[in-house]
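Here is what each chain is made of, one letter per residue.
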Amino acid sequence: MPSLSAPLFRFGVIADPQYAALEPNLALDRYPAKSLAKLEEAIAEFNRHDLAFIVTLGDNIDGDWESFDAVLPVYEGFRHASHFLLGNHDFAVAAEHLTEVASRVGMPSAYYDFVHAGYRFIALDGNEISLFAPPEGDPRRAEAKLLMKALYQAGAMNPHRWNAAISDTQYAWLVAKLQEAKAAGEKVIVMNHYPIFPENSHNAFDSESMLMLLAEQDHVVAYFSGHNHAGNFGVVGGTHFINFKGMVDTEDSNAYAIVSAYEDRLEIEGFGREESRVLILQDA
């Protein structure tokens, strides 16, 4: 049961709207054209609450550069700040737009962080090493192929073209941000389009190294992701791994959440298909 005491703050979470003016993908039970109405429903619910911000965990569009023109104005109906991450479908655009996706969504950069009420949010760009985000001929595409080959040879579940990894440069930035947060006494929530735990075919190529890094950080309380539209959940040490369900899935049921942040826990109130959870934070 949710607590009657007031949280430090609350924020909304959306995963995988994947809007596009396309016919349904019945095999995957995805209805991209219906995501505008689902987003409007979520924004209306969010506006009934005192939220600090909302975050969308990537795949804002299903594809087609013009899809951004329809989906981004919906967010303007939210009364407060909106923070975006990028997913693989956000790069399903013409080649000349690949380097413009982050700026089109209004992001300060492809990866960034911000602090709110003692919590640091680290938003990763999980698409850097991939077969779709870098321009053709970029060495990061070749690096992605090598990662996929190594994972395939190791019998892993996730060497698929729709997965990706962060670069060494971004990894070093993440380590530095984790250290900054530790020194400041902040709790950390890492956000990435790609899950890293539990093991799943949708996990990032670098999920093993990322998991090892986060396992060493006792102040990382949660890792939020999308991408796997079925959702998932797991705990390693004191870190909760929440894979939020895809909004685009099903013809008429929605999926989004409101998270209430406390000193000692996170309370997730799920709407539609999204599950509600209470995450107890260790050493709080």
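Source: prediction; values computed, not measured. Position numbers for residues count from 1 along each chain, tracking the sequence in the order it is written. Only residues with pLDDT of at least 70 get local features here, since the model is predicted, and only at 80 or more are side-chain atom pairs given and counted; chain-wide, interface and lining totals rely on the full set of residues. For the side-chain quantities, the full set of heavy atoms in the structure was used; hydrogens and water were omitted.

A. Structural detail: the nonpolar core. We call a set of buried Ala, Val, Leu, Ile, Met, Phe, Trp, Tyr and Cys residues a nonpolar core when their side-chain atoms join them within 4.5 Å. Burial status follows relative accessibility: with a 1.4 Å probe on protein chains alone, a residue under 20% of its type maximum counts as buried, one over 50% as exposed, and anything between as partly exposed. One finds F11, F46, I189, M191, F224 and L266 to be the most contacted residues of the largest nonpolar core, which totals 80 residues. Any pair of residues with heavy atoms lying within 4.5 Å of one another is described as a contacting pair. The contact partners of M191, leaving out residues within four places of it in the chain, are V55, L57, L85, F114, F121, I122, A123, L124 and F224. Grouped together as the second largest cluster of nonpolar side chains are seven residues, A144, M148, L151 and A165 included.

B. Inspection of the pattern of salt bridges at higher detail. What counts as a salt bridge is simple: a side-chain nitrogen of Lys or Arg found within 4 Å of a carboxyl oxygen of Asp or Glu. Tallied over the full model, the rule gives 16 salt bridges. With a shortest N-O distance of 3.6 Å, K177 and E180 are connected by a salt bridge. Of the two residues, K177 and E180 both sit in helix α5 (residues 168-184), three residues apart, roughly one turn of that helix. Between E263 and K187 there is a salt bridge whose closest N-O contact spans 3.2 Å. On the criterion of sequence distance, the pair formed by E263 in the loop between β10 (255-261) and β11 (265-272) and K187 in strand β6 (residues 187-191) is long-range, its members being 76 residues apart. The exposure class assigned to E263 is partly exposed, which follows from its relative accessible area of 48%. Residues joined by salt bridges that share partners form a network here, namely D113, R120, K177, E180 and E186. Per the convention used, a helix needs a DSSP run of H or I reaching at least four residues, while a strand needs a run of E reaching at least two, with both numbered from the N terminus.

As far as function goes, none of this settles anything; it's purely spatial.
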